[in-house]
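Notes for the structure review
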Amino acid sequence: MDITYRKADLNDLDDLVRLRIEFLKEVQPIETHQYSEENLQKSLHDYLSEALRTDNFVAWVAEHENKIIATSGLCFFQITPGFTLIDGKIAYILNIYTLREWRGKGVGKTVFNHILQEAISRGYKRISLHATNEGRPVYEKFGFRLTSDEMELRLP
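Our subject in this report is the structure included herewith. (Residues numbered from 1 in each chain as written. Predicted model: local features only at pLDDT ≥ 70, side-chain atom pairs only at ≥ 80, totals over all residues. Heavy atoms only, no water.)

**Let's talk about the packing of aromatic side chains**
The tally for this structure, following the rule as stated, stands at seven aromatic pairs. A ring pair is formed by phenylalanine 112 and tyrosine 139, whose centres lie 4.8 Å apart and whose planes are at 50 degrees; its orientation type is tilted. Here phenylalanine 112 is found in helix H3 (residues 107–121), whereas its partner tyrosine 139 is found in helix H4 (residues 136–141), with 27 residues between them in sequence. Considered together, phenylalanine 112 and tyrosine 139 belong to a single accessibility category, that of buried residues. When the ring of phenylalanine 112 is compared with that of phenylalanine 142, the centres are 4.8 Å apart and the planes differ by 70 degrees; the resulting orientation is edge-to-face. Highlighted residues: phenylalanine 112 in helix H3 and phenylalanine 142 in the segment after H4, separated in sequence by 30 residues. For phenylalanine 112, a relative accessible area of 1% translates into the label buried. Its guanidinium or amino end placed over the ring of tyrosine 124, lysine 89 lies 4.6 Å from that ring's centre, counting from NZ or CZ. (Phe/Tyr/Trp six-rings, centres within 6.5 Å; stacked < 30°, edge-to-face > 60°. Helix = DSSP H or I, 4+ residues; strand = E, 2+ residues; numbered from the N terminus. Buried < 20%, exposed > 50% of the residue type's maximum accessible area, 1.4 Å probe, protein only. Lys NZ or Arg CZ within 6 Å of the ring centre and 35° of its normal.)

If you want it as structure tokens, here you go:
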């Protein structure tokens, strides 16, 4: 099994967009979709081209025979510092996605480890993510814990 792992770049833009949409179709029920796939494609393309260029978004990918078989995402943001986060810097991991035929082989776990190390190497002390039921045990092995102290409001 010849798999290579690397940081994605602008040449991967179309694949990153396509795989993000595949991931979202798999984890979000269709009745929750508020925008068309075409609108999402354009929005993702615009966001990722700028965020990759400015290094505000990082993705690690796994490749087999020059085809991306797994991907990840890492966003960075800052909130007002507080007693529990003195610099206010938060790294957010998302879009850990492996093509179905490659699941269960450790590929996603390896991509996740690369993206986690990216956040750590940049000095982030708080790293957050939302986990599917399938992914939760994997993230717990890396030390992530479920929290229940957040609320959200979604506006149309």
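**What about the pattern of salt bridges?**
In the structure shown here, the tally under the stated rule is 12 salt bridges. For glutamate 22, the salt bridge identified is with arginine 18, shortest N-O distance 3.1 Å. Remark: arginine 18 and glutamate 22 occur in helix H1 (residues 13–27); sequence separation between them is four residues, near one turn of the helix. Look at arginine 18 and you get partly exposed, because its relative accessible area is 33%. The partner of arginine 122 in a salt bridge is glutamate 118, with the nearest N and O atoms 3.1 Å apart. The exposure class of glutamate 118 is buried, given its relative accessible area of 9%. One network of salt bridges, with partners in common, ties together Lys7, Asp55, Glu118 and Arg122. (Salt bridge = Lys/Arg side-chain N within 4 Å of Asp/Glu carboxyl O.)

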